[in-house]
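Summary of structural features
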Amino acid sequence: MEMLWLDCHHSELTAQQLYTLLALRNHVFIVEQNCPYQDIDGQDLAAENRHILGFLDGKLLAYARVLTPALDSAPVMIGRVIVSEEARGLKLGYRLMEKALESCEKYWSQRAIYLSAQAHLEGFYGRLGFKAVTEVYMEDDIPHIGMQKA
């Protein structure tokens, strides 16, 4: 399975790529998880934010967003981590996170990395070197936990 991975500054995204990634996020986070929330949050086209996209045969199967640190002392944030329904079980989550971590290292090498993980994925992110830094909390009626990698 030969995936095409892209690490794009938002200015490099085509209109089609932006539409495709927003459609995938909408399907997974809003429809599949039955969680109405405002996914389009003003961050997709802001600052130096990055978009990590994984395509197979032209279809977007994996996606993550990397947010520019808000302050000089703040960590870089990885979010909107998705593997599409039809690609689950193919270990794309690890490959996607490897690509997101590579992007963090390339653009923000001296920063800690933070993510707000769905609590049931704490073990997955733990295997990638993340450690819990908050208690479990509710976000959009889904249990989450703040995790950080030094």
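Calculation criteria
Residues numbered from 1 in each chain as written. Predicted model: local features only at pLDDT ≥ 70, side-chain atom pairs only at ≥ 80, totals over all residues. Heavy atoms only, no water. Helix = DSSP H or I, 4+ residues; strand = E, 2+ residues; numbered from the N terminus. Rg over C-alpha atoms; globule rule 2.2 N^0.38 Å. Buried < 20%, exposed > 50% of the residue type's maximum accessible area, 1.4 Å probe, protein only. Contact = heavy atoms within 4.5 Å. Pairing = 2+ DSSP bridges. Axes fitted to C-alpha atoms, helices over the stretch in contact; angles between N-to-C directions. 1 Å grid on protein atoms, 1.4 Å probe; cavity = no way out; pocket = protein on both sides within 12 Å on 5 of 7 lines; lining within 4 Å. Points joined across faces, edges and corners; volume = space filled by probe spheres on them. Nonpolar A, V, L, I, M, F, W, Y, C, P; charged D, E, K, R; others polar. Salt bridge = Lys/Arg side-chain N within 4 Å of Asp/Glu carboxyl O.

Per an unreviewed UniProt entry, the protein is named GNAT family N-acetyltransferase, and its organism is Pantoea endophytica.

Here we come to the overall build of the protein. Within the protein, the secondary structure is distributed over 3 helices and 7 strands. The C-alpha radius of gyration computed for the protein amounts to 15 Å, which stays within 12% of the reference 15 Å derived for 150 residues, consistent with globular compactness. Taken along the three principal axes of its C-alpha coordinates, the protein extends 40 × 30 × 30 Å. Burial analysis of the protein (150 residues in total) assigns 43% to the buried set. Restricting to contacts in the protein with at least 6 residues of sequence separation, those with at least 24 account for 59%.

It is worth spelling out the sheet that holds strand S3 (residues 59-67) at this point. Pairing in this open sheet of 7 strands is mixed, and the strands run S1-S2-S3-S4-S5-S7-S6 from one edge to the other. In this open sheet, the two edge strands, each paired with only one partner strand, are strand S1 (4-9) and strand S6 (131-139). Looking at each pair of strands side by side, their axes are set apart by 20° on average, direction ignored. As judged from the 5 bridges shared by S3 and strand S4 (residues 76-83), these two strands associate in the antiparallel manner. Paired with Ala62 across the bridge in S4 is Val83. Docked against the sheet, helix H2 (residues 92-107) engages S1, strand S2 (50-56), S3, S4, strand S5 (113-118) and strand S7 (142-149), running at close to 155° with respect to S4.

Put simply, the largest pocket is a space of about 920 Å³. Among the residues forming the lining of the largest pocket, the class breakdown is 20 nonpolar, 8 polar and 7 charged.

By secondary structure assignment, the location of Leu45 is in the loop between helix H1 (15-32) and S2. Classification of Leu45 by relative accessible area gives exposed; the value is 53%. Sequence-wise, Leu45 and His10 are 35 residues apart; in three dimensions their C-alpha atoms are separated by 5.4 Å. In this structure, Leu45 is in contact with His10 and Leu18, ignoring residues within four places of it in sequence.

On to the pattern of salt bridges, then. Inspection of every chain in the model, using the stated rule, returns 10 salt bridges. Residue Glu32 is joined to Arg88 by a salt bridge in which the shortest nitrogen-to-oxygen separation is 2.6 Å. Taken together, the residues span a long stretch of sequence, with Glu32 in helix H1 and Arg88 in the loop between S4 and H2 at a distance of 56 residues. For the salt bridge of Asp41 with Arg65, the shortest nitrogen-to-oxygen distance reads 2.8 Å. Pair noted here: Asp41 is in the loop between H1 and S2 and Arg65 is in strand S3, with a separation of 24 residues, a long-range link. Overall, the relative accessible area of 33% leaves Asp41 in the partly exposed class. A relative accessible area of 3% places Arg65 in the buried class. Each of Arg25, Asp39, Asp41, Asp44, Arg65 and Arg80 takes part in one network of salt bridges that share partners.

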